[in-house]
Amino acid sequence: MTARTAFDIAGQTVAPGTRQTVDVPVSTLSDHTPVNLAVHVVHGKRPGPVLFVSAAIHGDEVIGVEIVRRLLKARPLARLAGTLLAVPIVNSFGFHNHARYLPDRRDLNRCFPGGPEGSMASRLAHIFMQEVVRRSDAGIDLHSAAIHRSNLPQIRLTPGNDRLRDLGTVFGAPVMMQSKLREGSLRLAAEEEGVDVLLYEGGEGLRFDELAVRAGVSGCLRVMHALNMIGAKGVPKQRAAPVLASKSAWYRAPVGGVFRGYVGIGDAVEPGTVLGAVTDPLGETECEVLSEVAGIVIGRTNMPAVYEGEALFHVAETPKAAAEAVAEGVVADLEAAPLYDEDEIL
């Protein structure tokens, strides 16, 4: 049997059966502080696919950083086949500033594939494509809701991509949403390179949500098992198949005022369900927000003070029975997922 070769990245080599953090040069700050893209390479002794797992493309979506940290401590990685490229913080500029965007006020996830001589966002996108995406066979990109909003753990799929649908089903988040590819997004740029990318959403910007973290770690391990990168031992069993939704509905504040939500993420709703109400501060007027569809709440605002037109709820449209089944099993299933903390893994 021919020995497996070392993995080359950014001018460094990682030997089979070893792991190493490689700092990929990105830029230099005005005070001469270097900025690097930290890529942790786990290069297995046995051949297999290359999978990247990335987080914090939006700098305020920190939940993926914790998912990557726990994933790298998971015991099944000790006998890895193939290669894992783990990038906990893609947008380090935004991460340090607690901001979604880069200092040039661009959304990194609208700047792919980028170029070596473009804007700051374009250059970072180009480096990530060159050093990570184009070396991979598949990827998992970890996101959360924006600040002051929460998302139910969910997978976004490219419509018509059967392989991603299979991997999304294996991932095991409660809901899978079909989501069109957007110009400049990592998913579109990667797919044009032949690299399928699952997009995971869960939790809230600038916050850790324990259930969303556990769902993310468990899902990543299940995908790695499905790709024959790791064995079944230590991989959480999937208790129920996720619900696939092709449509969703947004519900916005009919007026500005003080918002009270009556349902939470993961709750099943049907036409006529009162989702919440917006009142004026004196309580003299009140406007209820009613669901017009059957489905499950996959996102909602956490802010009580709202402007007219502000998004309050995001509902994935599913049959009533499917929504109720997900609603009943969400908390129990995610609470049963392993914690993957230092006591469990090391």
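My aim in this report is to walk through the structure given alongside it, one point at a time. The model shown is predicted, which means the values in this text are computed figures rather than measured ones. (Residues numbered from 1 in each chain as written. Predicted model: local features only at pLDDT ≥ 70, side-chain atom pairs only at ≥ 80, totals over all residues. Heavy atoms only, no water.)

## Remarks on the overall build of the chain
Right, so step 1: A count of helices and strands for the chain gives eight helices and 19 strands.
Right, so step 2: Over its C-alpha atoms the chain spans a radius of gyration of 21 Å, differing by no more than 12% from the 20 Å that the globule rule assigns to 346 residues.
Right, so step 3: Counting only C-alpha atoms, the chain reaches 75 × 50 × 40 Å along its principal axes.
Right, so step 4: Per-residue burial for the chain yields a buried fraction of 52% across its 346 residues.
Right, so step 5: In the chain, of all internal contacts separated by at least 6 residues, the share reaching a separation of at least 24 is 69%. (Helix = DSSP H or I, 4+ residues; strand = E, 2+ residues; numbered from the N terminus. Rg over C-alpha atoms; globule rule 2.2 N^0.38 Å. Buried < 20%, exposed > 50% of the residue type's maximum accessible area, 1.4 Å probe, protein only. Contact = heavy atoms within 4.5 Å.)

## Topic: the layout of surface pockets
Right, so step 1: In this model, the largest pocket occupies a volume close to 740 Å³.
Right, so step 2: Lining of the largest pocket is provided by 25 residues; of these, Arg 110, Arg 156, Ser 179, Arg 182 and Glu 201 occupy positions nearest its centre.
Right, so step 3: When residues of the lining of the largest pocket are traced back to their parent elements, those giving at least two are strand S8 (149-157), strand S9 (175-178), strand S10 (196-203) and strand S12 (248-252).
Right, so step 4: Here the lining of the largest pocket takes three residues from S8, the largest share from any one element.
Right, so step 5: For the lining of the largest pocket, the per-class residue count stands at six nonpolar, ten polar and nine charged. (1 Å grid on protein atoms, 1.4 Å probe; cavity = no way out; pocket = protein on both sides within 12 Å on 5 of 7 lines; lining within 4 Å. Points joined across faces, edges and corners; volume = space filled by probe spheres on them. Nonpolar A, V, L, I, M, F, W, Y, C, P; charged D, E, K, R; others polar.)

## What to know about the pairing of strand S15 (residues 274-279)
Successive side chains on a regular strand alternate, one facing one side of the sheet and the next facing the other.
Right, so step 1: Burial of S15 is extensive: five of the six residues sit out of reach of the surface.
Right, so step 2: Two strands pair when backbone bridges link them, and strand S13 (residues 257-261) and S15 are joined in this way by four bridges, in the antiparallel orientation. Opposite Val 258, over in S15, you have Thr 279 as the bridge partner.
Right, so step 3: Relative to strand S16 (residues 286-290), S15 runs antiparallel, the two being bridged by five bridges. Note that in S16 the partner of Val 274 across the bridge is Leu 290.
Right, so step 4: Connecting S15 to the antiparallel partner S16 that follows it, the hairpin turn spans six residues, and Gly 283 within it adopts a positive phi of roughly 75 degrees. (Pairing = 2+ DSSP bridges.)

## Notes on the packing of aromatic side chains
To describe a pair of aromatic rings, you give the distance between the ring centres and the angle between the ring planes.
Right, so step 1: Tallying each qualifying case throughout the model produces four aromatic pairs.
Right, so step 2: Measuring from centroid to centroid gives 5.8 Å for Phe 52 and Phe 128, while their planes differ by 90 degrees, and the two rings are edge-to-face. One end of the pair, Phe 52, is in strand S5 (residues 46-55); the other, Phe 128, is in helix H3 (residues 120-131), with 76 residues separating them in the sequence. The pair formed by Phe 52 and Phe 128 is uniform in burial state, with each residue classed as buried.
Right, so step 3: With a centroid separation of 6.3 Å and 70 degrees between ring planes, the pair formed by Phe 112 and Phe 128 is classed as edge-to-face. (Phe/Tyr/Trp six-rings, centres within 6.5 Å; stacked < 30°, edge-to-face > 60°.)

## Focus: the pattern of salt bridges
Right, so step 1: Inspection of the entire model under this criterion finds eleven salt bridges.
Right, so step 2: Linking Arg 70 and Glu 66 is a salt bridge whose minimum nitrogen-to-oxygen distance equals 2.7 Å. You can see Arg 70 and its partner Glu 66 sitting in helix H1 (residues 63-73), four residues apart, about one turn around the helix. Each member of the pair, Arg 70 as well as Glu 66, carries the same accessibility label: buried.
Right, so step 3: The partner of Glu 131 in a salt bridge is Arg 135, with the nearest N and O atoms 2.9 Å apart.
Right, so step 4: The exposure class assigned to Glu 131 is buried, which follows from its relative accessible area of 17%. (Salt bridge = Lys/Arg side-chain N within 4 Å of Asp/Glu carboxyl O.)

## Quick look at the nonpolar core
Right, so step 1: Counting residues in hydrophobic clusters, the biggest one holds 38 residues, and the most contacted among them are Leu 51, Val 53, Leu 77, Leu 84, Leu 142, Phe 171 and Met 224.
Right, so step 2: For this core, the element with the highest residue contribution is helix H6 (residues 210-226), accounting for eight residues.
Right, so step 3: Dropping the residues within four chain positions of it, Leu 84 is found in contact with His 40, Val 41, Val 42, Leu 51, Val 53, Leu 71, Leu 72, Leu 77, Met 224 and Met 229.
Right, so step 4: Within the second largest apolar cluster, 33 residues are counted, among which are Val 50, Phe 52, Val 132 and Leu 186. (Core = buried A, V, L, I, M, F, W, Y, C linked by side-chain atoms within 4.5 Å.)

## Some words on the packing of helix H4 (residues 162-171) against H6
Right, so step 1: Put simply, H4 and H6 touch, their axes get as near as 8 Å, and they point 130 degrees apart. Overall, the two elements H4 and H6 adopt an arrangement that is oblique. Viewed along their axes, H4 and H6 form a crossing whose handedness is right-handed. In contact with Leu 167, Val 170 and Phe 171 of H4, H6 contributes Ala 215, Gly 216, Gly 219, Cys 220, Arg 222, Val 223 and Ala 226. (Axes fitted to C-alpha atoms, helices over the stretch in contact; angles between N-to-C directions. Parallel < 35°, antiparallel > 145°, perpendicular 65-115°, else oblique. Left-handed = near helix turned anticlockwise from the far one by under 90°.)

## Here we look at unusual backbone geometry
Right, so step 1: With an omega dihedral of 5 degrees, the bond running from Phe 112 to Pro 113 counts as a cis peptide bond.
Right, so step 2: Note that Pro 113 resides in the loop between helix H2 (92-96) and H3.
Right, so step 3: Of note, Asn 228 is a non-glycine position whose phi angle comes to about 65 degrees, a positive value.
Right, so step 4: When you line up the elements, Asn 228 lands in the loop between H6 and strand S11 (243-245).

## Details of the sheet that holds S15
Right, so step 1: An order of S16-S15-S13-S18 is seen for the four strands of this open sheet, with the pairing classed as antiparallel. Bordering the open sheet on either side are S16 and strand S18 (305-306), each of which pairs with just one other strand.
Right, so step 2: When S13 meets S18, the two strands line up antiparallel, connected through two bridges. The residue bridging Val 258 from the neighbouring strand is Ala 305, located in S18.

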